[in-house]
Structure formats: structure tokens, C-alpha cells
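One-letter residues, chain by chain:
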2 protein chains.
Amino acid sequence: MPIKQQIKLTVDAVVFGYIPKEGIVVLLIKRTIEPFLHSWALPGGFVRDEENLENAVTRELLTEAGVNINYLEQLYTFGMPNRDPRGRVVSIAYFGLVNPTNYKLAASSDAEDATWFNIKELPDLAFDHATIIDLAVKRLRNKIRYEPIGFELLDKKFPIADLEKLYETLLDRPIDRRNFQKKINHLGILIAHNEKQKQVSQGRPAKLFSFNEEKYFQLKKDGMAFEI
Amino acid sequence: MPIKQQIKLTVDAVVFGYIPKEGIVVLLIKRTIEPFLHSWALPGGFVRDEENLENAVTRELLTEAGVNINYLEQLYTFGMPNRDPRGRVVSIAYFGLVNPTNYKLAASSDAEDATWFNIKELPDLAFDHATIIDLAVKRLRNKIRYEPIGFELLDKKFPIADLEKLYETLLDRPIDRRNFQKKINHLGILIAHNEKQKQVSQGRPAKLFSFNEEKYFQLKKDGMAFEI
DNA sequence: TCAAAAGTGTTAGTTTTACACCCATGA
DNA sequence: TCATGGGTGTAAAACTAACACTTTTGA
């Protein structure tokens, strides 16, 4: 029996960034087509017939916002029959991380505008995108405790205090500076550099560190558990 | 511009059970249609136009194997362009748990046969179903440490030793009986019954317990973390 | 020399692990 | 009365949490 499905497939990306003085931000674009014309929405779009899903996401991120993604994983598939006024559209949502200071956002023909919004001050959103972002925020807050994804949001070289502030922001609780540092150092996944942070404000300049990915994978294979 | 997608959507279910003397088992059906006619495969099938995804899964489980699922969550969406010889078929895989002793599996017209296979002795499988099961097994092993889903695999009333053996099987390491019991009791999510296990073999009969779901949700809301 | 932020160590409390003897039951 | 599995407590070790003073820098 031939299958005559009318179901359409899209992908959507929830891309988070971290801006130290601002907090956690998410990338939104302003739609240039109906439905929800001129509404804010997640970057995304229809999956092409022979395209794999990750390609569809990275393609849409590049064409709609000029963003080259750093870290990308599948989040969840949304399939409620009435989530899209055009008919049955199932969307596979992805979860991404970038360091927003590396990008100049480029709104292209596919989007009127593309900007970072603080996750605490989101505008009205198209479709069920508010729900999707909610879920992605939960995933981020959870995942950062068990996997070293926080580094994707920071500069390659960073002072430990930046990492700590990121964790304080995401976990929404104060963290003891000394204990945090001890814990991170004890994991043995940071490389200390002989460089100091360029002075931003006052005070003693901090040493810079970077994440040692190879070492991490080695340690993980040996049974080490990353946990903050 | 109208969208002319040829992509088709299916759901597949990885349903696990626990048989104390056997270990962790997964539900497979024998296909009655091409492709992979007569191969073992995960229960699943095409999503109907106006049907939500969970409904599609529970419908297929019921018609293909006569199973009423206990616990169901979305696992992952598989979208590699060549995963199905019929063309582009994207499949949303679900992860389910049942107590297999509650079911008499019923192979129906949609499946030649439906049986439980030990996850250590899987047959050759249709499509990319081996990959899907791999991922589901990882999810199960991981999830059982942070969420009280183990209870879904046991009888409503069970001796603590059964729960402990389940954890030993899944985590693949010995667990100290006394420490395990202390930990579980300390969580305060079990109800002790004034019943003893009917004698299966020799030895002192064990007290029976059941999972206190309400209490668990209350404690969780208050910040308690379930962790084994 | 002052203000700001970085660097660093010790102690108490809590949690986790290791470990062994007695009890209830059926054969 | 023996074999089998169930029930239970304590002490050492590891980990986590709390806490404050000194150093480096620029203004």
C-alpha cells in the first residue's frame, strides 16, 4: 500500500550565547514570510528531500543569521498536529551553543533581522517556539552540570572567574569562588597559559585558561565524571 | 512557494522489560511486509496525517504486539537520508518501559511474531534499528541513575532486593545490599507493606514495598535529588 | 595609597564506602 | 538442623561546604 502522507518536516535551532554583563541570550530572527510575518522566531526551515537533519540546521543558521555553530545536538521533536497553521508540520528542534562575541550577526534575505535576546526578556514568538526555548533552557541548565559544554560559550582562553560566573548565572545560585576553582583544577581539564587577561576594569589581572578537550575525553574514557 | 517534500515520517518504539532471571529485554516484532520481510524489527510504523506522535507509538505497540505501555518518552529522531530503502523516511524513536510479566504478547496481523529479546543477544535487525536500540540502552542506563524509572520495570509491590538486582544489572557492577537499602530508605519514596513475598525459593521471605509516586513528586518539588 | 578583583588553605560537616553477624523460613 | 536469603549498624575515608587574608594591578 502506498503511503500518502501530507506531513512536512522542519528543523528549528535554539542557539544560546553568553554575554558576561547580560547573561544567557538566544538567537532569534524576524520572519519575512507568512505565517507569523514580522514575528520573532527561532531560525529554522524546511528540510530538503535528500538533506540530513544537521545539515538543514547549519544551513538555515548560516543563511538566516550568518552563524557558524560551535556545538549542536538534537533537542526534541515537536509534532502536535496543530502547532503550525499551514497544516501538519513536525519540527525537529536542535540545541546549539556559540560564543556570541565571535559573531557579527548578519540578517540576510531570509530574515529581516537576527539578534540575541536575553532569555529572561523574550518577545512574543511564532508557532510553539516559546515552548521549544523553555525546553532548551532546561536542557542547558541540566546539561552544564554533567558535561563540559560551558566552554563553548566562552572565549577560547578565559579567566576562571568567567566560567564561575557562567555557572552562577545558569544554576542561579552563588558559588564559592575558592571551592569552584579547586574543583575545576582537580578535574585536570584546564590548560593554564602564561598570559593574563587584558584589563577590563580595575584589579589584579587574571590568569587565562583553556579547555583541554583531548585530556577530557581521555579522562572520561577512564571513568572520570564531570560534575559541578 | 509551495513545499513539495517527499519525506515520510515513522515512529519506532524501544520498549524495555526486566525479567529477573534473564536481565534486560527489549520487545521486537517480526515484519510481515517488505522491506526486511521476516526480519526482526522495532515495533513502529507510519504516522497518520492528523495523529500526534505519542498516539502513533501507542497505537503501533497495541496493534503489533498487544502491549499497553507504562512509561513512554521520546528518544531521538533518526533522519539519515539512506536509512530506509523505500526513500526518505525520518523516524522518531521512543523509549518505553513495561513489566513484561504483566503481558501475554499478542502477535497480530501486523506482525508475524512479537517477543522479548535479551539486550545482550539481539538478532540481526531491520533498518538502523540496532543503532536505535544502542542509544536507548545508553539512555536507560543513564536515566535510571537520576530518575526513579526502575519501578516501571518491576511489579507494583516488590522486595528491595529486586530493585537492587535491577540496578546491578543495569549499572553492571555489584552494589552493597546494606548501603543500597539505606540510600533508598533515606530518600523516603517507598511505602512499606505488611506483606511478605511469596516464597520463590528458600530463605526468609522479604518485605514488600511500593513506589510512592506522590511523595516523590512532592520531595522533588522541594529540591530532593534522586540519585543512585 | 586606595579600590578592585585575583590567588590561595584549613577545618567542620556530610556523604559514601566497607564490612559481619543474627533472623526467618522451608526443606 | 541446615541452607538460603533477609534484615540491620558502625567506623574509616572521601568529599563538600564554609570561611578570610594577602597579592597584584591601575587610578
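Residues numbered from 1 in each chain as written. Chains lettered and ligands numbered in written order. Predicted model: local features only at pLDDT ≥ 70, side-chain atom pairs only at ≥ 80, totals over all residues. Heavy atoms only, no water.

So, the protein's contact with DNA strand C
Then comes step 1: The environment of DNA strand C is made up of 18 residues, and the closest members are Arg177(A), Arg178(A), Lys182(A), Arg178(B) and Asn179(B).
Then comes step 2: Protein-proximal atoms of DNA strand C, defined as those within 4 Å of the protein, fall in sugar or phosphate at a share of 37%.
Then comes step 3: Side-chain polar atom of Lys182(A) to a base oxygen of DNA strand C: 2.9 Å apart, as the coordinates give it.
Then comes step 4: Within the side chain of Asp176(B), a nitrogen or oxygen atom sits 3.5 Å from a base nitrogen of DNA strand C.
Then comes step 5: Elements supplying a minimum of two residues to the surface near DNA strand C: α4 (177-187) of chain A together with α4 (177-187) of chain B.
Then comes step 6: With 4 residues, α4(B) is the largest single contributor of residues to the surface near DNA strand C.
Then comes step 7: In the surface near DNA strand C, the residues fall into 3 nonpolar, 5 polar and 10 charged. (Near = heavy atom within 4 Å. Polar contact = N/O pair within 3.5 Å; in protein donor to acceptor, adjacent residues only side chain to side chain. Helix = DSSP H or I, 4+ residues; strand = E, 2+ residues; numbered from the N terminus. Nonpolar A, V, L, I, M, F, W, Y, C, P; charged D, E, K, R; others polar.)

Describing the domain arrangement of chain A
The figure often quoted for interface size is the accessible area lost as the parts come together.
All names here are of chain A.
Then comes step 1: Along its sequence, chain A is organised into domain 1 (8-143) and domain 2 (149-221).
Then comes step 2: Taken together, the contact pairs 14 residues of domain 1 with 11 residues of domain 2.
Then comes step 3: Here domain 1 is connected to domain 2 by 0 salt bridges.
Then comes step 4: Our count for the domain 1 to domain 2 interface comes out at 6 residue pairs in polar contact (both at pLDDT 80 or more).
Then comes step 5: When residues of the side of domain 1 that touches domain 2 are traced back to their parent elements, those giving at least two are β1 (8-19), β2 (23-31) and α2 (129-146).
Then comes step 6: Looking at the side of domain 1 that touches domain 2 residue by residue, the classes come out as 7 nonpolar, 5 polar and 2 charged. (Domains from an automatic or database assignment. Contact = heavy atoms within 4.5 Å. Salt bridge = Lys/Arg side-chain N within 4 Å of Asp/Glu carboxyl O.)

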